[in-house]
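For reference, the chains in residue letters:
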Amino acid sequence: MHPFSWVFNLLLLLILPVSWLGTRCMRKLGRRNGWVVQPRPDRWHKEPTAVHGGVGFGLPFLVFSFLFLLVEYPSLREHFFLFQALEPQVSPSTATVLGTGLLFICGLWDDLRAMRPSNKLIWQLGASSLFMYTGGVLPLTDYKIIDLLVTFLWFAGITNAMNMLDNMDGLASGVALLSGAALAFLTWRAVGWTTPALPLILLFLGAVFGFWLHNKPPARIFMGDSGSLTMGFFLAAVSIPSPMNGYFLSKTSSAPPLGFETLLIPIAAMAVPIFDTLFVMITRTLRAQVVTKGGKDHTSHRLMSLGFSPRRTLALLYGISLFGGLMASLIQTVPQQSIPLFGGFCLFLALVGAYLGRFSDPRAERTDLPFWLRFAGNLDSRQRLGEAIFDAVVVSISFYSAYLLRFELSLDPAMQEAMVRSLPLVVVSSLIALRVAGVYTGTWRLVGLSELPSIALGSFLATVLSLAVVTLFTRFGQGHSRSAFLIFGVLLFLFISVARVSFRALDDFVQKRAPRPHVKGRRAVLIYGAGKAGRFLCEEILFNPDMSRYRVLGFVDDDPDLAGRKVCGLMVKPKTVWAGELKNPPEIWVSSPTVPSESALTFAARWTPAAEVKRLNVELEKVGEGREVEGKP
């Protein structure tokens, strides 16, 4: 049980209904006074929607948070916010609430008068300075100035990332709820109720949930910058490893961490806003588009353009946020395995980003390519470079994981030093081996079983070449392990194979779970023949946009052993079952030349009127003779 008085229980009980009522009042005031936002090209809403929803939940949260701090911590009342006189864990909590209040005022002023981005950045840096003044600085290096700069970047990045994420009904508020819940759990596991951080996060969750009830699809009110900046700054503050949250250490840990590992937990917990911001920045830069200008090219927009409904799009992004919270919890539980866990999570996000990056907005404004992109060559060269960088990360994770598996998830200092010294040699050797084996000649979206031998050969050559090079340069001294290299070869083959077939798996997932957009009255189709030709025909219907007017129900086959099995995720059923289940006649498409036309016509006659029968016929059509083009040899 928490040690706080009944006042906290009362505040926690009231924050949700007060936030809900406050947001409802802002909705009514918005409609009455014309505080609405009209539909526009970079947003999905189709009707005028009330704004200033951030006031509805931001103001109750700030008032309740100040009341909680003043009641529960007498030193705060006695010294009137003199941070030096406060307890080490109270001063950063107080600075968090004060900084959140400053960003709430900044956001509200921007909603009313349209503040310049540079001025908003000054407000953000000023608010974050309060937190850093109380000791809330990321412990990354031994150089204080670097830690201060990275902490400034963290505040500005997370705050603006939440602002950019507010591009779809219920997205920013829902992600804030999930990320905040993950941070609350991580804080509770680290310090329990010994600091004000956990109560403040719970008050934040109650306030945001009260707003989310009005903001979920279809949204009846938007939060505006007064809400997104408030959310972003608060989450940025409570996610920074500091005495306020016990550095997110498990209770078995002793000293605060130092180094990049410090950021792994907060990055995983805040995965969705960070991923969306980086995705937009990278894709717009590669397409030579304006980065700061709004557009329909965020992750939510890409998913909806693939045919996902708003609710299913939210479910997918909420799922990624939950996955990030799980990763953060695992990293907190087993910190020695944090690198492979975090690396695997980043590779998953990179694959999702690469897949979604193929679907661009043709209306987006373009500019001339920057010099470094022109230097990188054409688009194909940049994609090959991206594959090599991706594989370098895969090699690193495979090598690190191999050592962990070989030595029962625990590495002594000698083993860690040997692995780190060998890693650059292993990465270079593996990339050369994969290149020689022809792994980079294929196309990810079309990778099949025929490419697996090349991946297997590349993994074998990578193991042999890496072992030889490491032996040559390090003499294979203390801490090295030949058996770890054998495990590395197996893991490398598995990880690269999974990565290469990921695009086909994502295509399959999207096509089966996202209905074709803007297509009404699609014709139902039964495929007669569940063999290779049937699979080919089914995939052509699924992935060919010219066939979006058709919908495959399943398969029928004369082989009774195939009944009850699945092809392309669709059931194979006997003729009698399909005739009993379908009242309206579907189109019957015969996929194989071995299926007699009489059998298909007899099956089609089970409906009244009889179903239409078509047969797959693949042939080449001559389009003419080649001719020279003027001006070209």
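Everything in this summary refers to the structure shown in the same document.

The rules behind each value
- Each chain carries its own residue numbering, running from 1 in the direction its sequence is written.
- Given that the model is predicted, a residue must reach a pLDDT of at least 70 before its local features are reported, and side-chain atom pairs must reach 80 or more before they are shown or counted; all residues, however, enter totals for whole chains, interfaces and linings.
- Heavy atoms throughout the structure, all of them, feed into the side-chain values; hydrogens and water do not.
- Ring pairs shown here join Phe, Tyr and Trp side chains whose ring centres sit within 6.5 Å, with only the six-membered ring taken for Trp; geometry is labelled stacked below 30 degrees between planes, edge-to-face above 60, and tilted in between.
- In this text, helices come from DSSP runs of H or I with a minimum length of four residues, and strands from runs of E with a minimum of two, each type numbered from the N-terminal end.
- In this scheme, a residue with accessible area under 20% of its type's maximum is buried, one over 50% is exposed, and one in between is partly exposed, where area comes from a 1.4 Å probe on protein chains only.
- In this scheme, Lys NZ or Arg CZ marks a charge over a ring once it lies within 6 Å of the ring centre and within 35 degrees of the ring normal.
- Any carboxyl oxygen of Asp or Glu that lies within 4 Å of a side-chain nitrogen of Lys or Arg is treated as forming a salt bridge with it.
- Throughout, an axis means a line fitted to C-alpha atoms (over the contacting stretch in the case of helices), and angles, computed between N-to-C directions, take values from 0 to 180 degrees.
- When describing relative orientation, an angle under 35 degrees is termed roughly parallel and one over 145 degrees roughly antiparallel, while 65 to 115 degrees is termed roughly perpendicular and anything else oblique.
- Crossings are sorted by hand: turned counterclockwise from the far helix by less than a right angle, the near helix makes the crossing left-handed, and turned clockwise it makes it right-handed.
- Residue contacts are counted whenever heavy atoms from the two residues lie within 4.5 Å of one another.
- Just so you know the grouping, Ala, Val, Leu, Ile, Met, Phe, Trp, Tyr, Cys and Pro go in nonpolar, Asp, Glu, Lys and Arg go in charged, and all remaining residues, Gly too, go in polar.
- We treat two strands as partners when DSSP finds at least two bridges between them.
- Here, patches come from residues exposed beyond 30% relative accessible area and free of salt bridges, joined within 9 Å for like charges and within 5 Å for nonpolar side chains (Val, Leu, Ile, Met, Phe, Trp, Tyr).
- Reported accessibility uses the Shrake-Rupley method at a 1.4 Å probe radius. Residues are deemed covered only where the shown protein chains occlude them.
- Under the convention used throughout, the expected extent of a helix is 1.5 Å for every residue step, that is, one less than its residue count.

## What to know about the packing of aromatic side chains
- Scanning all chains against the criterion turns up 25 aromatic pairs.
- The interplanar angle of 75° and the centroid separation of 6.3 Å between the aromatic rings of Phe4 and Trp193 together place this pair among those described as edge-to-face. With Phe4 in the segment before helix 1 (6-33) and Trp193 in the loop between helix 7 (171-191) and helix 8 (197-215), this residue pair connects regions lying 189 residues apart in the sequence.
- Where Phe399 meets Tyr403, the ring centres are 5.2 Å apart and the plane angle is 70°; that geometry is what we call edge-to-face. Taken together, the residues Phe399 and Tyr403, both in helix 16 (residues 379-406) and 4 residues apart, mark about one turn of the helix. The pair formed by Phe399 and Tyr403 is uniform in burial state, with each residue classed as buried.
- Taken together, the aromatic side chains of Phe399, Tyr403, Phe407, Phe476, Phe485 and Phe488 make up a single cluster linked through ring pairs.
- Between the NZ or CZ atom of Arg406 and the centre of the ring of Phe407, over which it lies, the distance is 4.8 Å.
- In this arrangement the basic side chain of Lys573 is found over the ring face of Trp578, its NZ or CZ atom lying 4.8 Å from the centre.

## Things to note about the pattern of salt bridges
- Summed over all chains, the structure comprises 8 salt bridges.
- Residue Lys120 pairs with Asp225 through a salt bridge whose shortest N-O separation is 3.2 Å. A residue pair is termed long-range when its members are at least 10 positions apart, and Lys120 in helix 5 (residues 117-133) and Asp225 in helix 9 (residues 224-239) qualify at 105 residues.
- Residue Lys120 is classed as buried on the basis of its relative accessible area of 13%.
- Across the pair Arg500 and Asp391 runs a salt bridge, and its minimum N-O distance is 2.7 Å. Here the residue Arg500 occupies a position in helix 19 (residues 482-500), and Asp391 occupies one in helix 16, the gap between them amounting to 109 residues.

## Re the packing of helix 2 (residues 53-72) against helix 8
- It is the contact of helix 2 with helix 8, at a shortest axis distance of 9 Å, that shows an interaxial angle of 155°. Comparing their axes, helix 8 and helix 2 come out roughly antiparallel. When the axes of helix 2 and helix 8 are compared, the crossing they make is right-handed. On helix 8, the residues that touch Gly53, Phe57, Phe61, Phe64, Ser65 and Phe68 of helix 2 are Pro199, Leu200, Leu203, Phe204, Ala207, Val208 and Phe211.
- When the residues that make up the contact of helix 2 with helix 8 are grouped by side-chain class, the tally is 11 nonpolar, 2 polar and no charged.

## Points about the environment of Arg523
- The topology assignment puts Arg523 in strand 3 (residues 523-528).
- Separated by 64 residues in sequence, Arg523 and Glu587 place their C-alpha atoms 7.3 Å apart.

## Observations concerning the sheet that holds strand 4 (residues 550-556)
- Spatially, 4-3-7-8 is the arrangement adopted by the 4 strands of the open sheet, whose pairing is parallel. Two strands lie at the open edges of the sheet, namely strand 4 and strand 8 (613-615), each paired on one side alone. The average angle at which neighbouring strand axes cross in this sheet is 30°, direction not considered.
- Direction of pairing for strand 3 relative to strand 7 (residues 587-590): parallel, over a ladder of 4 bridges. For Ile527, the partnering residue across the bridge sits in strand 7 and is Trp589.

## What to know about a nonpolar patch on the surface
- The grouping of Trp6, Leu10, Leu13, Leu14 and Val18 at the surface amounts to a nonpolar patch, some 500 Å² of accessible area in total.
- Considering the arrangement of structural elements, one finds Val18 in helix 1.

## Comments concerning helix 2
- Helix length check: helix 2 (20 residues) gives 29 Å between terminal C-alpha atoms against 28 Å at 1.5 Å per residue, within 8%.
- With 14 of its 20 residues buried, helix 2 lies for the most part within the structure.

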